[in-house]
Amino acid sequence: MTDDDVLAEFRAAEALLEGHFILSSGLRSPRYLQCARVLMDPARAARLCEAVAAKIPAEIKAQISAVVAPAMGGVIVGHEMARALGVPGMFLERPEGTFHLRRGFRLDAGQKVLMMEDVVTTGLSSREAIAAIAREGGETIAAASLVDRSNGAADLGVPFFPLIRLDVPSYSPDDLPPELAATPAIKPGSRAAA
């Protein structure tokens, strides 16, 4: 799947938004990818995650025995990635601010895990998820996402395989370009801004 194919999937789902958006990191952006919209079609979600799985080298893929994703945004992509890889899928929750496995999910000591996200912007949530996987006994050997919008800056500490890398500008709230500052900001994500 080419970058143009991926963007066509987002456009077809009306998931590529323009405006003034407050990201989960607290940064601001003139564009937002609403992964929930692109994932609401199960066939599209499967296609996208199969394309991500195809990017993971065979030697890494052969070691993965579970996919773990952070809730909320990673639940669907984690499930679809687990399906694409033929391994169990689980998700982390943060009922009190820190990610944990709940609902009877568990990892065996040393179990090799792929951490799956929908979008990576700063990498903070991904690093928190990887730390939680380690606390739960697993070993994250790779990470993947539908979109890397970090401009290549996110260091997750493991090999990282995004389906697409987008150079989307993001700004500190106190350093907005005038045209963005003049547009009302909205918070489309699933958690409060930092």
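Fair warning: this is a prediction, and the values are worked out from it, not measured in the lab. (Residues numbered from 1 in each chain as written. Predicted model: local features only at pLDDT ≥ 70, side-chain atom pairs only at ≥ 80, totals over all residues. Heavy atoms only, no water.)

1. Topic: the nonpolar core
- Of all hydrophobic cores here, the largest spans 37 residues; its most connected members are V38, L114, M116 and L146.
- Elements with a contribution of two residues or more to this core: α1 (3–12), α2 (35–39), α3 (42–55), β3 (66–70), α5 (74–85), β6 (112–120), β7 (139–148) and β8 (160–165).
- When sequence neighbours within four positions are dropped, the list of residues in contact with L114 reads I56, I64, A66, V67, V68, M81, L85, A142, A143 and A144.
- In terms of nonpolar packing, the next biggest core, distinct from the first, is built from 19 residues, F99, A154, L156 and V158 among them. (Core = buried A, V, L, I, M, F, W, Y, C linked by side-chain atoms within 4.5 Å. Buried < 20%, exposed > 50% of the residue type's maximum accessible area, 1.4 Å probe, protein only. Helix = DSSP H or I, 4+ residues; strand = E, 2+ residues; numbered from the N terminus. Contact = heavy atoms within 4.5 Å.)

2. Side note on the sheet that holds strand β4 (residues 89–93)
- Sheet architecture is open: six strands sit in the order β5-β4-β3-β6-β7-β8, paired in mixed fashion. Edge positions in the sheet fall to β5 (100–101) and β8, since each has one partner strand and no second.
- Bridge count between β6 and β7: eight bridges; the pairing is parallel. Each bridged residue has a counterpart across the sheet, and for V119 the counterpart in β7 is V147.
- Against the sheet, α5 touches β3, β4, β6 and β7, its axis set at about 170° to β3. (Pairing = 2+ DSSP bridges. Axes fitted to C-alpha atoms, helices over the stretch in contact; angles between N-to-C directions.)

3. Considering the confidence of the model for the chain
- Here the chain averages 91 in pLDDT, and 97% of its residues register 70 or above.
- Mean pLDDT per element in the chain: strand β2 (residues 28–33) is the minimum at 87, and helix α4 (residues 58–61) is the maximum at 97. (pLDDT = per-residue confidence, 0-100.)

4. Examining the UniProt feature "binding site: 5-phospho-alpha-D-ribose 1-diphosphate" (unreviewed entry) in the chain
- Residues annotated in UniProt with the feature "binding site: 5-phospho-alpha-D-ribose 1-diphosphate" (unreviewed entry) correspond here to R94, E117, D118, V119, V120, T121, T122, G123, L124 and S125.
- With respect to the helices, strands and loops of the structure, E117 is situated in strand β6.
- A residue is classified by how much of its surface remains accessible, and E117, at 6% relative accessible area, is buried.
- Excluding residues that lie within four positions of it along the chain, E117 makes contacts with P70, V77, S125, S126, A144, S145 and L146.
- In terms of polar contacts, E117 uses its side chain to reach the side chain of S125, at 3.3 Å.
- By the secondary structure assignment, S125 is in helix α6 (residues 124–135). (UniProt positions renumbered as here; feature names shortened; annotations may be inferred. Polar contact = N/O pair within 3.5 Å; in protein donor to acceptor, adjacent residues only side chain to side chain.)

5. Brief notes about the side chain of D148
- With respect to the element layout, D148 can be found in strand β7.
- In this structure D148 comes out as buried when scored by relative accessible area, which is 1%.
- Engagement of the side chain of D148 in a polar contact is seen with the side chain of S150, the distance being 2.6 Å.
- Contact partners of D148, with chain neighbours within four places excluded, come to V120, F160, P162, I164, R165 and L166.

6. Comments concerning the pairing of β3
- Of all five residues in β3, five are buried, a share of seventy percent or more.
- Where burial is concerned, the two faces of β3 agree: the one with A66, V68 and P70 and the one with V67 and A69 are both buried.
- Relative to β6, β3 is paired through three bridges, and the arrangement is parallel. Following the sheet pairing, V67 is matched in β6 by L114.
- Where β3 lies against β4, four bridges are found, and the strand directions are parallel. Of the residues in β4, the one forming a bridge with V68 is M90.
- Assessed by its sense of winding, the connection that carries the chain from β3 through α5 to β4 is right-handed. (Right-handed = clockwise from strand over helix to strand, strands pointing away.)

7. Points about the packing of aromatic side chains
- Counting across every chain of the model gives two aromatic pairs.
- Centre to centre, the rings of F21 and Y32 are 5.6 Å apart; their planes meet at 35°, and the pair counts as tilted. One end of the pair, F21, is in strand β1 (residues 16–22); the other, Y32, is in strand β2, with eleven residues separating them in the sequence. The burial state of F21 is the same as that of Y32; both residues are buried.
- Here F91 and F105 contribute two aromatic rings whose centre-to-centre distance is 5.2 Å and whose plane-to-plane angle is 80°, an arrangement assigned as edge-to-face. Within this pair, whereas F91 is found in strand β4, its partner F105 is found in the loop between β5 and β6, the two being separated by 14 residues in sequence.
- Take F105: its relative accessible area is 25%, and that puts it in the partly exposed class.
- The ring of F99 carries the charged tip of R94 above its face, separated from the ring centre by 3.9 Å. (Phe/Tyr/Trp six-rings, centres within 6.5 Å; stacked < 30°, edge-to-face > 60°. Lys NZ or Arg CZ within 6 Å of the ring centre and 35° of its normal.)

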